[in-house]
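Understanding the architecture of this molecule
One-letter residues, chain by chain:
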Amino acid sequence: MRLWSDTFRDGGLIPAENAFAVIDPLTHVRLSTNRNPHLAWDEVPAGTESLALFCFDNDAPQDGSRVNLEGERLALDLPRGEFFHWSLIDLPPALQSIAEGEFSELVTAKGKSGLPVRPAGHDCQLRQGVNDYTGWFAGDPEMAGDYYGYDGPCPPWNDERIHHYIFRLYALDVPALTLQGRFTGAEARAALHGHIIDEAQLIGAYSLNPELAQTLKK
């Protein structure tokens with residue numbers, strides 16, 4: 001199975017338009033257009049009953065106490081963990097692509113709706129989980145809420161590590177995952193156990209540290 005994007009190349013820079021935030025020379029960062037990237041796939045194996053798509057960052061600091069603080073730097077060797085940016089399940093095998101901006105356009109304070117989404121040209125409904133901005137904004141009265149669907153990169157601007165965003169597509173032997181109601185990315189991935197036929201992935205890089213961002217553009 002193959003997965004690719006017209007928005008960015010594998011291993012390359014994710015465009016600012018597809019990020020949650022961009023660099024601002026006065027305030028460090030500001031909100032971006034937050035469009036989901038274009039994604040396409042083929043060579044789906046025989047026997048596939050549905051597909052599941054995830055986007056997660058493996059470079060997220062596990063300790064957020066020094067994130068985005070003046071005078072602080074997040075070292076390369078700081079303990080890291082996963083941060084889910086998207087979980088999309090119950091995709092029919094006939095679906096072969098997702099258009100840029102189809103499921104996300106701009107940042108929605110308190111999060112986007114958890115209602116199922118319908119891909120263009122297909123009579124089906126896909127389910128999206130809550131991403132990890134749900135926990136990140138939990139203590140912010142202006143932003144707190146359930147963040148369903150795609151919300152793009154927003155790595156700490158004081159991080160010395162370039163963050164890598166993994167888009168991973170799974171071919172499954174069941175038409176729908178046995179998840180009810182609200183679910184997280186971690187819960188959706190756990191539900192794949194025993195049902196994976198094949199998988200493919202695509203990786204994009206992003207940074208809000210001005211020094212690192214310049215190296216990514218070279």
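Residues numbered from 1 in each chain as written. Predicted model: local features only at pLDDT ≥ 70, side-chain atom pairs only at ≥ 80, totals over all residues. Heavy atoms only, no water.

Along the chain, Ser207 turns up in the loop between β10 (196–206) and α3 (210–217). Not counting chain neighbours up to four residues away, the residues in contact with Ser207 comprise Ile23, Pro155, Leu212, Ala213 and Leu216. (Helix = DSSP H or I, 4+ residues; strand = E, 2+ residues; numbered from the N terminus. Contact = heavy atoms within 4.5 Å.)

Turning next to the nonpolar core. Grouped together as the largest cluster of nonpolar side chains are 31 residues, with contacts concentrated most on Leu3, Leu39, Trp41, Trp86, Leu88, Leu126 and Phe167. Residues contacting Phe167, with those up to four places away along its chain left out, are Leu3, Phe8, Ile14, Pro37, Leu39, Phe54, Cys55, Trp86, Tyr150, Ala200, Gln201 and Leu202. Within the second largest apolar cluster, 14 residues are counted, among which are Leu172, Val174, Leu179 and Ala188. (Core = buried A, V, L, I, M, F, W, Y, C linked by side-chain atoms within 4.5 Å. Buried < 20%, exposed > 50% of the residue type's maximum accessible area, 1.4 Å probe, protein only.)

What follows concerns the state of the cysteines. One pass over the structure, following the stated rule, counts 0 disulfides. Not part of a disulfide, Cys55 finds its nearest cysteine sulfur in Cys154, a span of 13 Å. Note on Cys55: relative accessible area 2%, which makes it buried. (Disulfide = S-S within 2.5 Å.)

Quick look at the packing of aromatic side chains now. Scanning all chains against the criterion turns up 11 aromatic pairs. Taken together, a centroid distance of 5.9 Å and an interplanar angle of 85 degrees make the contact between Phe54 and Tyr170 edge-to-face. Here Tyr170 lies in strand β9 (residues 163–172) and Phe54 lies in strand β5 (residues 50–61), a separation of 116 residues in the sequence. As far as the burial class goes, Phe54 and Tyr170 line up, both buried. (Phe/Tyr/Trp six-rings, centres within 6.5 Å; stacked < 30°, edge-to-face > 60°.)

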